[in-house]
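The primary structure of each chain is shown beneath.
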Amino acid sequence: MANFAKPENALKRADELINVGQKQDALQALHDLITSKRYRAWQKPLEKIMFKYLDLCVDLKRGRFAKDGLIQYRIVCQQVNVSSLEEVIKHFLHLATEKAEQARSQADALEEALDVDDLEADRKPEDLQLSIVSGEKGKDRSDRELVTPWFKFLWETYRTVLEILRNNSKLEALYAMTAHKAFQFCKQYKRTTEFRRLCEIIRNHLANLNKYRDQRDRPDLSAPESLQLYLDTRFDQLKVATELGLWQEAFRSVEDIYGLMCMVKKTPKSSLLMVYYSKLTEIFWISSSHLYHAYAWFKLFSLQKNFNKNLSQKDLQLISSSVVLAALSVPPFDRAQSASHMELENEKERNLRMANLIGFNLEPKFEGRDMLSRSALLSELVSRGVLSCASQEVKDLFHVLEHEFHPLDLGSKIQPLLEKISKSGGKLSSAPSLPEAQLSQYVPALEKLATLRLLQQVSKIYQTIRIESLSQLVPFFEFSVVEKISVDAVKNNFVAMKVDHMKGVVIFGNLGIESDGLRDHLAVFAESLSKVRAMLYPVPSKASKLAGIIPNLADTVEKEHKRLLARKSIIEKRKEDQERQQLEMEREEEQKRLKLQKLTEEAEQKRLAAELAERRKQRILREIEEKELEEAQALLEDTEKRMKKGKKKPFLDGEKVTKQTVKERVLTEQLKERQEMEKKLQKLAKTMDYLERAKREEAAPLIEAAYQRRLVEEREFYEREQQREVELSKERHESDLKEKNRLSRMLGNKEIFQAQVISRRQAEFDRIRTEREERISQIIRARKQERDIKRKQIYYLTIEEERIRKLQEEEEARKREEAERLKKEQAERKAKLDEIAEKQRQREREVEEKGRLEREAALKGTNAPPARLAEPTVTPTGTAAPAATAPAAAAASGPAKYVPKWKRQTTEVSGPSAPTAAPTPSETDRWPNRGLPPGDDHWGNSRGPAQNTDRWTSGRDRAPPAEGGDRWGSGPRGSDERRSAFGSSRPRPTQR
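Residues numbered from 1 in each chain as written. Predicted model: local features only at pLDDT ≥ 70, side-chain atom pairs only at ≥ 80, totals over all residues. Heavy atoms only, no water.

Before going further, it helps to spend a moment on the nonpolar core. Formed by 156 residues in total, the largest nonpolar core has its most connected members in Y53, I89, F195, Y276, L397 and I414. Here this core gets 11 residues from one element, more than from any other, and that element is helix α8 (residues 139–165). (Core = buried A, V, L, I, M, F, W, Y, C linked by side-chain atoms within 4.5 Å. Buried < 20%, exposed > 50% of the residue type's maximum accessible area, 1.4 Å probe, protein only. Helix = DSSP H or I, 4+ residues; strand = E, 2+ residues; numbered from the N terminus.)

Throughout the structure, instances matching the rule amount to 42 salt bridges. A salt bridge links E468 to R466, with the shortest nitrogen-to-oxygen separation between them at 3.7 Å. Accessibility expressed as a relative area gives 46% for R466, which makes it partly exposed. Its salt-bridge partner being K695, residue E692 comes within 3.6 Å of it at the nearest N-O pair. Of this pair, E692 and K695 both sit in helix α28 (residues 659–743), 3 residues apart, which is roughly one turn of that helix. Assessed through its relative accessible area of 33%, E692 is described here as partly exposed. Look at K695 and you get exposed, because its relative accessible area is 54%. Each member of the salt-bridge network shares a partner with another, and the members are E200, R203, E249, R252 and D256. (Salt bridge = Lys/Arg side-chain N within 4 Å of Asp/Glu carboxyl O.)

A few words on unusual backbone geometry. Positive phi, close to 60°, is recorded for K61, a residue that is not glycine. Mapped onto the elements of the fold, K61 is located in the loop between α3 (44–60) and α4 (63–77).

What follows covers the environment of P149. Take P149: it is sitting in helix α8. Residue P149 is classed as partly exposed on the basis of its relative accessible area of 27%. For the pair P149 and A100, spaced 49 residues apart in sequence, the C-alpha to C-alpha distance is 8.8 Å.

We now examine helix α15 (residues 313–328). In an α-helix, one turn spans 3.6 residues, which is why side chains three or four residues apart end up on the same side. In this model α15 runs 22 Å from its N-terminal to its C-terminal C-alpha over 16 residues, within 8% of the 22 Å that 1.5 Å per residue would give. With respect to burial, α15 is a largely interior element, 13 of its 16 residues being buried. (Expected span 1.5 Å × (residues − 1).)

A word on the pairing of strand β4 (residues 497–500). One ladder, built from 4 bridges, connects β4 with strand β5 (residues 505–508); its direction is antiparallel. Bridge pairing links M497 to F508 in β5. Hairpin connection of β4 to β5: 4 residues between the antiparallel strands, including G504 at a positive phi of 75°. (Pairing = 2+ DSSP bridges.)

In this section: the packing of helix α14 (residues 290–307) against helix α18 (residues 374–384). At their nearest, the axes of α14 and α18 sit 11 Å apart, and the two run at 20° to each other. It follows from the interaxial angle that α14 and α18 lie roughly parallel. Between α14 and α18 lies a crossing whose hand is left-handed. Only R374, A376, L377, E380, L381 and R384 of α18 make contact with α14, whose side of the interface consists of L291, A294, Y295, F298 and K305. (Axes fitted to C-alpha atoms, helices over the stretch in contact; angles between N-to-C directions. Parallel < 35°, antiparallel > 145°, perpendicular 65-115°, else oblique. Left-handed = near helix turned anticlockwise from the far one by under 90°. Contact = heavy atoms within 4.5 Å.)

What follows concerns the sheet that holds strand β3 (residues 464–466). Read across the open sheet, the 3 strands follow the order β3-β5-β4; overall the sheet is antiparallel. Of all strands in the sheet, those bounded by a partner on one side alone are β3 and β4. Each strand axis lies, on average, 20° off the axis of its neighbour in the sheet, ignoring direction.

Applying the stated criterion to the full structure yields 12 aromatic pairs. Ring geometry for F92 and F153: centres 6.4 Å apart, planes at 85°, overall edge-to-face. Highlighted residues: F92 in helix α5 (residues 82–106) and F153 in helix α8, separated in sequence by 61 residues. Taking the centre distance of 5.9 Å and the plane angle of 50° together, the rings of F151 and F185 count as tilted. On the criterion of sequence distance, the pair formed by F151 in helix α8 and F185 in helix α9 (residues 172–188) is long-range, its members being 34 residues apart. On the basis of relative accessibility, which here comes to 3%, the residue F185 falls in the buried class. What links up through ring pairs into an aromatic cluster is the set F151, Y158, F185 and Y189. Note that K61 overlies the ring of W150, its terminal NZ or CZ placed 4.7 Å from the centroid. (Phe/Tyr/Trp six-rings, centres within 6.5 Å; stacked < 30°, edge-to-face > 60°. Lys NZ or Arg CZ within 6 Å of the ring centre and 35° of its normal.)

On to a nonpolar patch on the surface, then. A surface patch of nonpolar side chains, about 500 Å² in accessible area, is lined by M677, L681, L684, M688 and L691. With respect to the helices, strands and loops of the structure, L684 is situated in helix α28. Of the residues examined, L684 reaches a relative accessible area of 48% and is grouped as partly exposed. (Patch = residues over 30% accessible without salt bridge, like charges linked within 9 Å, V, L, I, M, F, W, Y side chains within 5 Å. Areas by Shrake-Rupley, 256 points an atom, 1.4 Å probe, with all protein chains shown as cover.)

So, on to the pairing of β5. Where β3 and β5 come together, 3 bridges link them in antiparallel fashion. From the neighbouring strand, T464 faces β5, where its bridge partner is I507.

None of the figures reported here should be taken as evidence of function without further support.
Structure follows, in structure tokens:
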């Protein structure tokens, strides 16, 4: 793959390849550029490259390349420049359509050229076999080969564009336009298979749009513009389907429109609804769904009357007549009476579905059978005034068929009305969206309805009638047709009759089947006997007697009813199971049959494919041989033309020749001719050499004589020209002298004028120079002043900066001196405080030692047993001293009794051995150690003997505050002083 620095280089390379006829290489180069990840940012040259790329794809019929390129270009343009993608796709569609039209214009027989069932399918093996056997190479085959490929390419183009534009909110209009063009393509060329595929493609696009709702550029169907585009596309699909006669696809299109409406919960415009219902009328009439057809006409009438302000009275009458006749054409009996349970359920679902399609009911409120019925429709027509808007003959026909009773002359009264109705109808001028109202299409259904009404009315007044008389009463049909109609009526319990051909009569009445009578005759006989007994023996208190005879009658009836219902449900379930099993068996058989058929078809296809490949191979070999033979024959003819007369032919008559043989013989002959020609040329060259040498020998003296003559002539010519030049110079000199004498008279005037001009210019020059010097001097003075001012400013700024710098240095020196002074004062204060703290600690240690000695003396005077030894204490000198024994006099003299510590200390202090008064409990035991071992404080720190007393010293033993601080040592060193006064043995680092 070639790498291009710029996209323009790829375009130039493609143009060069196209100019030399290598379109395939140019297409591949552009394809590599477009699919490369290097050019994923949109730029203007990419659009020109896409135009050229699509031109090549269309010329070479490469639909797959075009699709890949458009997908990559969509990725590039999606978020940057969607309009560029739109222009490229329009160009692509235009090229494909133009090529198809050109191919179509070149074909003379269009119908034969387009006689292909499926554009996406390959040619059938039968067609290939026929073409090989018949050897057809006429215009029909050339037309097929010319037109069909371009139509295939155009169809692939539509599919590609729709696939690229699907579910893109920014290109919805282009998507709708492409779908419309595809519909018109199918309509113009009667492509029914492609139309079905196109409808399925569009349907799948909408389904994917609803399935994947988290897409980035997903169209919003709730927007009015998007909804209108989708609806227009579906309505175009519906119109084309009806015009092509694809009624099943048209019905699916109607369902698509209804599903779209259910999706967005919005009703389309009245004009679209009119088209919707008009197409529904055609679909239902083709499918013989007369009831739905009548309801669709009724909806159409309501829309025209409410929304069409230009509706004329004549068109309104024609539409109302169509509605009434459509309602009358519905069969007057319900076909569901003789149907099974499954058929009833299917009919119910179908009625509900059709009711939604006709009425746009998003949530059905009634049962389908209650909503859609002939009687309900006729009553609705009468109450809404539709019958009053119809023509007079339609009104008369309605009254005769629905309300009047004329069994003997019903046919004679209806026949002229039907003749008038068959002649009426036509195009609606004020309602162009409606189909042409042809009332004559309802005549067969009305004749059938008249026949049914006549049979119904005759059955009420006759029990038996002859077939000839009945045929005379029905002028529309023969009796065979009447018999078929009567069979349908009897089947649906509309009329009870039987035809006896042996007697030639028709018997009316309740003529049930004999098996039905035999089945129920015992029950009928029992009921009759019960009635006779009740008449013969009437009982006044019948209820009480029955209650006495059968006291549990209600329970019995209820149980019997439940049993019968259970039995009925069991029977229905068994029937359903049997039907299900039957359906499963049929489905399995059908699957087996389809599988066998598929295997057979595959085997047949393989056989046909093998035969086709073999025939193709043989045909190719035969064509190759024929082509070689033709080329050999052409070479042979060319060789014979180039050969001279008198020479023998290279091949004998009747000899078998091939292309290789002819080439070898021709090469041999050409080699011989070349050798002969070389010999002739050598001989001719030798002859020409001799002739040239002889000519030069003869011409040498002649050339010398001509040279000498030429020298003499040129010398004479030179002398003559020299003399003439001298004469001309003399003449020019004399004329110049005369001119000088003539101009010498003006020399004084010229010098005066010259002096004036020079003096004037000199004065002007001096003035300009003086002005310039003055201006320069002013500029110099101004610049000098500016330099002086700037120099003074710099001097002042320098002096000010020096002054500020000196002030800053003096301030810093003062601050350093102040800091050193403060540091010295703090050190002195700290030394004083440390000295005071040491004295305080020494005093505390002395007091504590004195108290200890007093306690030991008090303990020695008691008669207590020896107490446990206390832990050794540390003296101020650092040596361990033995601990005093604990007092135990109370324990020795009597039972053990707990003595509080403060009482023990009081006792010890009041003893005779105490030399001094001990401190009070408030002083010595203000913060007790709470069971801690001697020598540890509350935080587990080791202390000396002086530190085992209370933590805080009394007011009289506390050192006086230092200078510059309060009692608690507040000031610059307040915190450190407090720590020293409270017994801290380690000074903290000084903080500024």
